[in-house]
Structures are given as structure tokens and as C-alpha cells.
Amino acid sequence: MIIDHPDGVGGQCTEQRSVCRMCHGGCGVIVQMRDGVVSELKGDPASPASEGFFCTKGKASLELLTHPARLTEPLLRRGDKHIAMPWDEALDMAAHRIGEQIARHGAESVVLSQGTDRNYQEWVFRFANTLGTPNVLGPAHVCFYPRVMASILTCGGFTFCDYEGEPEVIILWGSNKLHTHSDGLIGVKLAKALHRGARLVVIDPRANDQTRRADLWLQIRPGSDGALALGMLHVMIKEGWYDAGFVAGHTDGFAELAEHVRGYDPQRVAELTGLDAGQVVALASAYGQAKRACIEAGTGLSQNENAFSTLRSICILSALSGNLDAPGGDVLWDLLPVDGRRSFPLAEQLAPEQQAKRLGGGAYPVLSMAGWAHPDAVWDAMLDAQPYAVKTLLNFGSNLPMVYADAQRVHRALRGLEFHMTCDLFMTPTAQLADLVLPVGSWLERDQIVEFNAYLAPRRKLAQVGQCRSDEEIILGLAQRLGLGQHFWPDLEAALDHKLAGIGHTWTSFKQHGPIANTPHYRKYATQGFRTRSGRVNLLHAGLPRMGGDALPQYRPGEDLPDGHFRMSSAHSRNFYNSEYRQLDSLRKREPLPRVQIHPQAAAALGIAAGDWVLVRSATGSARFCAELCDGVATDVVYVAPSWWYPEEEGADNWQRSNANMLTGRAARASEMGTSNFRNVAVQLEKIEKDDSHAQ
Ligand SMILES: Nc1nc2c(c(=O)[nH]1)N[C@H]1C(S)=C(S)[C@@H](COP(=O)(O)OP(=O)(O)OC[C@H]3O[C@@H](n4cnc5c(=O)[nH]c(N)nc54)[C@H](O)[C@@H]3O)O[C@H]1N2
Ligand SMILES: Nc1nc2c(c(=O)[nH]1)N[C@H]1C(S)=C(S)[C@@H](COP(=O)(O)OP(=O)(O)OC[C@H]3O[C@@H](n4cnc5c(=O)[nH]c(N)nc54)[C@H](O)[C@@H]3O)O[C@H]1N2
Ligand code: SF4
Ligand SMILES: [Mo]
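Residues numbered from 1 in each chain as written. Chains lettered and ligands numbered in written order. Predicted model: local features only at pLDDT ≥ 70, side-chain atom pairs only at ≥ 80, totals over all residues. Heavy atoms only, no water.

Looking now at the overall build of the protein chain. Secondary structure summary: the protein chain contains 26 helices and 27 strands in total. Over its C-alpha trace the protein chain gives a radius of gyration of 25 Å, about what one expects of a compact globule, namely 26 Å for 696 residues. Taking the principal axes of its C-alpha atoms as reference, the protein chain extends roughly 70 × 65 × 55 Å. Taking all 696 residues of the protein chain together, 64% fall into the buried category. Summarising the internal contacts of the protein chain: among those between residues at least 6 apart in sequence, 74% fall at separations of at least 24. In the protein chain, the 68 positive side-chain charges and the 78 negative ones have mean positions that sit 1 Å from each other. (Helix = DSSP H or I, 4+ residues; strand = E, 2+ residues; numbered from the N terminus. Rg over C-alpha atoms; globule rule 2.2 N^0.38 Å. Buried < 20%, exposed > 50% of the residue type's maximum accessible area, 1.4 Å probe, protein only. Contact = heavy atoms within 4.5 Å. Lys, Arg positive; Asp, Glu negative; His and termini not counted. Charge placed at Lys NZ, Arg CZ, Asp CG, Glu CD.)

Take a look at the structure:
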């Protein structure tokens, strides 16, 4: 029996509903409590999102909750060691150091940082905006934001695949969604659409479960998707496979677009992408001639220097084919009216003269428009005081040297800080460098509103580990001490009540109510237009050249691959979450070592056998990986495991030895978003005798 009551009752078995956050997926979970202690977890069949699905990472949540290496109290650095400190003293000290830095160097000298979105991102932005710093650092430029901003600037909002609207064709483009459940969209809905008979097209350089079940798999050369998208537009326009009524009624710039893509005929696109001309036509035909089709564009597209243009082309494909905001297509959602990710940041609190100081704002205006500082510019400010000095970092959940390009430079920048506060669950390579380390709780330890386009749900605090707090509570504690009380609340519950007021709930009533589903409304443009300046879709965007971009999407091929080199790409691991969970035995057993995947022929030519250690070298640096022979990649392509570190070691190089970002370099040129190139890096391989890893 499910007793959906807010708190566990001692001496009894109860079940509570919450929402998993071992990845973005947001699956509903039934949490069994024995004597008030979390004892077991299972998928919640009543969840509108996940319908009972619960994966291996979700099942490892209890291992994370109770892991012996968890941080349990605030720690202050003294020389090489960290020593325990009471919370009040820790927060007093942090507030004092922040106040001191602001008085000496201005609020912009304080950088706030967070990693992938963990449902408190709007809190970090609210704190930054009210503090007066324009500098929030995150991996946005290589994650979700090239997609978000390309879509907003093209059609006035961000689209999501409408799997429940019966698409005939689904294109998974650089997206391994059945494994990654990326960006809050649940793979369960995709799996059901495929089961109901949707045709699957996969565009991916590496074979996986999805390519094996696909009706059409295009094994594209890494980094060349921009050319393929322009080629699809070419074929669709030439063959008349587009929605002429939609184009005439709701778009601007069609004639210029048609002229622009004339050069991208299938033969040329084949040369640029490594595909056959026939495959390019087959793709355009499958998509252009389907009545309902959607495109799931993943991180495979947003981690190279063509990211923004490629993703703009994809939004244009959706418009031309008539699938934009249409059933089974790519739908724009109106969010439920909570004070959430759009309004909660209080962007209007940041004075224009402070906003103008955003690091990287000049070189990467579209990234800045989204509110983010550019990491390369942040390292320059930390290391060279250019254009001004940054000496303070407040980090809410990011493992910086594992995540950003040119890890060596990132590590050096962090070593030079005057005050560095990191909030985390573990003593990560980033936390090791911090002056103050604050322990935070995992998803089972926090009250939080999970806000997705399709539903809202309560995540509830059901456990307490040591003295851990949530990031939201830490921000409340600091804001009060920094005199920002008028923008915050005395406690978390009051803040959650405030956020929910728009839907007529309090935190208590919302917890009792459970998830609230949202529904899509199709073709809103027919009555409201699109939320662009003209109300129409910007096939051509005349303002983009002023923002470092191109009015029409361009494709810039990378450098030719030098002899003896491979194109290195990567993909997020099914078993881990970015740099997380290498400590959890049940997951580590599935993937004990960082791998480099090499085609057997290429490996043989270099004398590399499965299980050998391999030194991978690029123009930036080197790292070591364990060889896995894989005939699912081309002979000139290798994949390395990203974000790998060795939590079991405390050695000085535990963060760099197998770190893919030792191989990646800073963004090559000024552009819309300054996306780093993680997925088309020229590397060389060399067999090495033995890695000195304890993990072997
Ligand atoms: N080479 C290469 N680099 C990449 C990528 C790639 O594919 N290849 N992917 C990029 C992408 S898409 C992203 S989003 C980034 C990910 O970048 P990050 O988000 O920085 O990486 P994570 O490892 O997910 O998380 C960082 C830390 O947050 C801690 N943490 C977890 N939950 C919480 C919490 O609730 N609060 C706090 N305070 N801490 C928490 C974890 O213990 C972990 O140490 O990496 C990027 N970097
Ligand atoms: N299990 C798990 N789930 C995760 C994460 C995780 O680390 N582990 N990370 C989370 C985060 S932060 C994010 S952003 C999402 C990312 O989730 P996804 O968008 O699915 O991204 P990836 O799995 O990194 O890469 C998707 C696919 O892109 C392919 N690819 C690589 N290079 C190219 C290329 O040049 N062109 C094309 N067309 N494809 C290419 C890869 O082979 C891979 O199959 O997942 C989230 N969910
Ligand atoms: S897919 Fe993500 S949210 Fe769902 S159970 Fe797995 S880890 Fe949790
Ligand atoms: Mo991400």
C-alpha cells in the first residue's frame, strides 16, 4: 500500500513518491521507508513521465546515499589538509570573504559556477543577479544551450519532440537518448513511439543499440553534421518536399535560403560527411515526405565549432517540413505558471553596466544573451586579470577540470584563486582545490520542485546524511548574511511556497498532490505568431552577423586530418553521469576503466590489442585510456570516455591521467556561443606498456 504522507512514520513501513535525479531523466520513484529510513527504491508506474521505468543508475541511488566517502561536514583548508568547521562559521566566513572581494574588486570579480542543470540552476542565477555579478559559469556552451539558443533565435522558443503525437519518422541526430534520456525528456516515450511503429533514422558515427534497430543509419564523419543538414535542405527544396503554405505564411528568408543551400548538392555533401550521395537523398526523402516527423538533436551536435549553425539548420528543417509546433513534430511548450527557471533568476536585478562586464560577452554574444559567461574568458580573468581580475569562485556542483576544454589550464586557474568555495557530495579534484568545501545532499536528501515542460513534480527530502544541506539552503544562508534578504526567504519551505503560488499550491499541498502534467497546444502560431520580433520563423536572421554569427547557417569544415591521426569523438557513458559515480561499485563494475574505442584494423596496424593501455595525444596534451576494439566506428575514428577520474586515488594526477579534456583546446574563434570542440579532435595513438592506475 502506498501511504502518500509527507514524512516517514517510525516503526512502520511506508512508501513515498519522489523523483530520481541520478540523471536528467526525472523518473518517478517509489521510496520505501522502514522505521523512517529509506530502505528500497522502485520505479513509479503512476509517474506521467517514466511509467515505472527505473534504470541501473537509479538503482544505485542508495549506494550514493550511504557511500562512506560522502562529505558530511563543512571543511576548511589548512595547508594541504581540510579540517571540519561548523556550518555557521563556514557561512559567516564565506560571506565575509565574498563581501571583502566585492568591496575591493567589484561584484564582477566573484564568479558563480554550476555544472549540468540539477533543478536549482535558477537559484544560482538569482543569487548572482542580486549580488550584482554577471558571471555565472557553466558547461552550457557544450551542452543544451546551442540547441536552446539556435531554436529561440529561429522560432522564438525551444522545441521538444512530440513522441506522443504519433510521429511517422523519428530522427535521432547525435543523440543516444535511449541511454542518456537527455535533457529531461524521458526515453520511455521514445521507446513507446518506436514500438507503435514510428520509423527510426539515426545519424551517429558509432554503432549502438539504436543504430542496430534503425530503419536508416548514417555513419557520419564526426563534426560534419552541419553539411548534412544543409544538404537535406538542398534536396527538400529542389524536390519540393516542403510545406509551401507554412513557408509562405510563417517564415522569412526562404528565397535567400534556397539560394544559399544550392551549393550543398548530395555529391558535395557526401564528400564532406563521408556518406554516400544516395544516403543524403534517402534521409531528405524520409524526413521531407513524412506527414509527421521530429528530430532529437543531441550533444553529438553541440560539441563542435559548427554547433550553433547546425542546430539552426535543424530548426529550419522542422519549419520547412511543416513539423514546427505540429503534432508528432517539434513542439513549443507553454510552461506551467510557477516562479521557475524563466522568472526566478530576477535577471532585471542586474544593472546594465554590470551585465556589460560579462566575461566573454563581447566574443560570444549569444551565450551571453543566455546569461552565461564563457569559460575561456573566465580562465583568462583568473590567470591574467584580463579584462579584470577574478579571484573568487563559488561553485555549486561542477567538477571543473573534468568538464571544460584544456583541463591543464582550468586546473592552473583554480590553483591561483584567493577564495574558492565548492559544494559537492564528494572530495572531487575540484573540491580538493577549494578553500571551503560544503557538503550537499543527494536527491533523496532534498525538497525540490522538478520542473519540466511536460510536468511538475515534488522531489522530497526523505533522508539526512551527516550535516549535508541543499544548494538552495546554502544560497539562502549566504544571501541572508550578505544583506540580500529582501530577495530571498527565511527558509526553504517559504521559498517553495512562493514558487508554487501561481498554480495555487503550497509546498505541503503540492507534496500531497504529486506530479502535475502539462499538455501541449499545437500550432499556436496560427493565432499568436511565433515569439520572434516579426512573429515569423527566421530562416534568415539578419541580426546574427552582429552577434558573431551568420544570417544563414554556414558549415565550416575543420582542418584536414593529418597523416597518422584519428578523429577523436566521445559520448556520455550509459553507466555514469558525466564525472560522477566512479565511486559506486555496482556501476564501476560495468565499466571499470576509461576506454578508447578503436576499429580492430586500426588497432592491429598500431600493434594495439584489446586491454592494452594507449597514450592518446593531441595538439593540447595527452591522456591514457584502455583499448577496446570496436568495429562500430570507422577506421579513422576513435572514441574516448569523457570526464574520467579515479576517486579511489588521492594522487596528484588522479584528475588528469585519463581526462579527455587534457586533449581538447580553447574555442578557436569568436562566434555565437564559443562552443568547444570535443567531438572532432585530431589525435595520435601510441601503445604504452602499462598504466600505473590502481584500478587495473
Ligand atoms: N570531453 C568532454 N567534456 C565534457 C562532455 C563531453 O561529452 N566530453 N560533456 C559536457 C557536458 S554536456 C556537461 S553538462 C558537463 C558536465 O559537467 P558537470 O555538471 O560539472 O559534471 P558532473 O560530473 O555531472 O557534476 C559535477 C559535480 O557535481 C556534484 N553534484 C551532483 N549533484 C549535486 C548537487 O545536487 N549539488 C552539488 N552542489 N553538487 C552536486 C557531483 O558529485 C560532481 O562532482 O561536462 C561537459 N564536458
Ligand atoms: N547515462 C548518462 N546519461 C546522461 C549523461 C551521462 O553522462 N550518462 N549526461 C547527461 C548530459 S549532461 C547530457 S548533455 C546528455 C547528453 O545526451 P546525448 O545528447 O544523448 O549525448 P551523448 O550520449 O554524449 O552523445 C550522443 C551521440 O552523439 C554521437 N556523436 C558523437 N560525435 C558525433 C558527431 O560528430 N555527429 C553526430 N551526429 N553524432 C555524434 C555519439 O556517438 C552518441 O551516440 O545526457 C545526459 N544524460
Ligand atoms: S533514467 Fe535517470 S532519472 Fe530515470 S531512473 Fe535512470 S538515472 Fe534515474
Ligand atoms: Mo550536458
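So that's the structure; there's more coming.
Further remarks concern the sheet that holds strand E7 (residues 136-137). Taken in spatial order, the seven strands make up an open sheet running E5-E4-E17-E16-E15-E6-E7, and their pairing is mixed. At either end of the open sheet lies a strand with only one pairing partner, and these are strand E5 (81-84) and E7. Across four bridges, strand E4 (residues 75-78) lies against E5 in antiparallel orientation. Looking across to E5, one finds that Leu75 is bridged to Ala84. Against the sheet, helix H4 (residues 121-131) engages strand E6 (110-114), E7 and strand E15 (392-396), with an angle of about 175° to E6. (Pairing = 2+ DSSP bridges. Axes fitted to C-alpha atoms, helices over the stretch in contact; angles between N-to-C directions.)

Right, let's get into the nonpolar core. One finds Phe127, Trp173, Phe396 and Met421 to be the most contacted residues of the largest nonpolar core, which totals 152 residues. Every residue in contact with Met421, bar those within four places of it in the chain, is listed here: Ala94, Leu393, Leu394, Asn395, Phe396, Leu436, Leu438, Ile474 and Leu478. The next biggest cluster of nonpolar side chains, apart from the first, holds 44 residues, and it includes Leu359, Ala373, Val390 and Ala413. (Core = buried A, V, L, I, M, F, W, Y, C linked by side-chain atoms within 4.5 Å.)

Here the focus is the domain arrangement of the protein chain. In terms of domain boundaries, the protein chain breaks down into domain 1 (3-65), domain 2 (75-141 + 346-517), domain 3 (159-331) and domain 4 (566-693). The interface of domain 1 with domain 2 comprises 25 residues on the first partner and 24 residues on the second. Across the domain 1/domain 2 interface, buried area totals approximately 2000 Å², and carbon plus sulfur atoms make up 64% of it. Across the contact surface, domain 1 and domain 2 share zero salt bridges. Applying the counting rule to domain 1 against domain 2 returns nine residue pairs in polar contact (both at pLDDT 80 or more). If you list the elements that add at least two residues to the side of domain 1 that touches domain 2, you get strand E1 (13-19), strand E2 (28-34), strand E3 (37-43) and helix H2 (61-65). Class assignment of the residues belonging to the side of domain 1 that touches domain 2 gives a composition of 14 nonpolar, eight polar and three charged. (Domains from an automatic or database assignment. Buried area = accessible area lost by both parts, 1.4 Å probe. Salt bridge = Lys/Arg side-chain N within 4 Å of Asp/Glu carboxyl O. Polar contact = N/O pair within 3.5 Å; in protein donor to acceptor, adjacent residues only side chain to side chain. Nonpolar A, V, L, I, M, F, W, Y, C, P; charged D, E, K, R; others polar.)

Quick look at the packing of aromatic side chains now. This model, assessed by the stated rule, comprises 19 aromatic pairs. Plain terms: the ring middles of Trp123 and Phe344 are 5.1 Å apart, the flat faces sit at 50° to each other, and that makes the pair tilted. Taken as a pair, Trp123 in helix H4 and Phe344 in the loop between strand E14 (330-332) and helix H15 (352-355) lie far apart in primary sequence, 221 residues in all. The buried category is assigned to Trp123, whose relative accessible area is 2%. Phe344 sits in the buried class, given a relative accessible area of 0%. Plain terms: the ring middles of Trp507 and Phe510 are 6.2 Å apart, the flat faces sit at 55° to each other, and that makes the pair tilted. Of this pair, Trp507 and Phe510 both sit in helix H23 (residues 507-513), three residues apart, roughly one helical turn. When sorted by exposure, Trp507 lands in the same class as Phe510, which is buried. Ring pairing ties together the aromatic residues Phe125, Phe144, Tyr145, Phe158, Phe160 and Trp372, which thus form one cluster. The ring of Tyr264 is capped by Arg268, whose NZ or CZ atom sits 4.7 Å from the centre of that ring. (Phe/Tyr/Trp six-rings, centres within 6.5 Å; stacked < 30°, edge-to-face > 60°. Lys NZ or Arg CZ within 6 Å of the ring centre and 35° of its normal.)

This part takes up the site of ligand 1. By nearness alone, 31 residues border ligand 1, and Thr116, Arg118, Asp424, Asp471 and Ser579 come closest of all. Within the contact set of ligand 1, an oxygen atom lies 3.2 Å away from a side-chain nitrogen or oxygen of Gln303. Within the backbone of Cys423, an N or O atom sits 3.0 Å from a nitrogen atom of ligand 1. Against a free-state accessible area of 910 Å², the protein chains account for coverage of 96% of ligand 1. The class makeup of the residues in the shell around ligand 1 is 13 nonpolar, twelve polar and six charged. Two domains share the shell around ligand 1, each providing at least three of its residues, namely domain 2 (75-141 + 346-517) and domain 4 (566-693). (Near = heavy atom within 4 Å. Areas by Shrake-Rupley, 256 points an atom, 1.4 Å probe, with all protein chains shown as cover.)

Strand order around the closed barrel formed by six strands is E22-E26-E23-E25-E24-E27, with mixed pairing between neighbours. Taken over all neighbouring pairs, the strand axes of this sheet differ in orientation by 45° on average, direction set aside. Where strand E23 (residues 595-598) meets strand E26 (residues 637-640), three bridges bridge the pair, whose relative direction is antiparallel. Following the sheet pairing, Val596 is matched in E26 by Val640.

On to the pattern of salt bridges, then. Counted by the stated rule, this structure contains 37 salt bridges. Asp117 is the partner of Arg341 in a salt bridge, and the nearest nitrogen-oxygen pair spans 3.0 Å. Remark: Asp117 occurs in the loop between E6 and H4 and Arg341 occurs in the loop between E14 and H15; sequence separation between them is 224 residues. Arg574 is paired through a salt bridge with Asp209; the nearest N and O atoms lie 3.6 Å apart. Linking Arg574 in the loop between strand E22 (566-569) and helix H25 (585-588) with Asp209 in helix H8 (residues 209-213), this pair joins segments that are 365 residues apart in sequence. The exposure class of Arg574 is partly exposed, given its relative accessible area of 46%. Looking at Asp209, the relative accessible area reads 38%, which means it is partly exposed. Because the salt bridges share partners, they merge into one network encompassing Glu51, Glu164, Lys189 and Lys192.

Now for the packing of helix H12 (residues 266-273) against helix H13 (residues 277-288). Orientation of H12 relative to H13, taken along the N-to-C sense of each, is 110°, at an axis distance of 8 Å. Between H12 and H13, the angle falls in the class roughly perpendicular. Contacts between H12 and H13 involve Pro266, Gln267, Val269 and Ala270 on the former and, on the latter, Ala277, Val280 and Val281. A breakdown of the residues in the contact of H12 with H13 according to their chemical character gives six nonpolar, one polar and no charged. (Parallel < 35°, antiparallel > 145°, perpendicular 65-115°, else oblique.)

Here we take up the UniProt feature "domain: 4Fe-4S Mo/W bis-MGD-type" (unreviewed entry) in the protein chain. Under the UniProt annotation, "domain: 4Fe-4S Mo/W bis-MGD-type" (unreviewed entry) lies at residues 13-69. Helix makes up 16% of residues 13-69 and strand 37%. Its end C-alpha atoms lie 28 Å apart. (UniProt positions renumbered as here; feature names shortened; annotations may be inferred.)

On to the state of the cysteines. What we call a disulfide is simply a covalent bond connecting the sulfur atoms of a pair of cysteines. In total, this model carries zero disulfides according to the counting rule given. As a non-bridged cysteine, Cys315 has Cys155 as the owner of its nearest cysteine sulfur, 3.7 Å distant. (Disulfide = S-S within 2.5 Å.)

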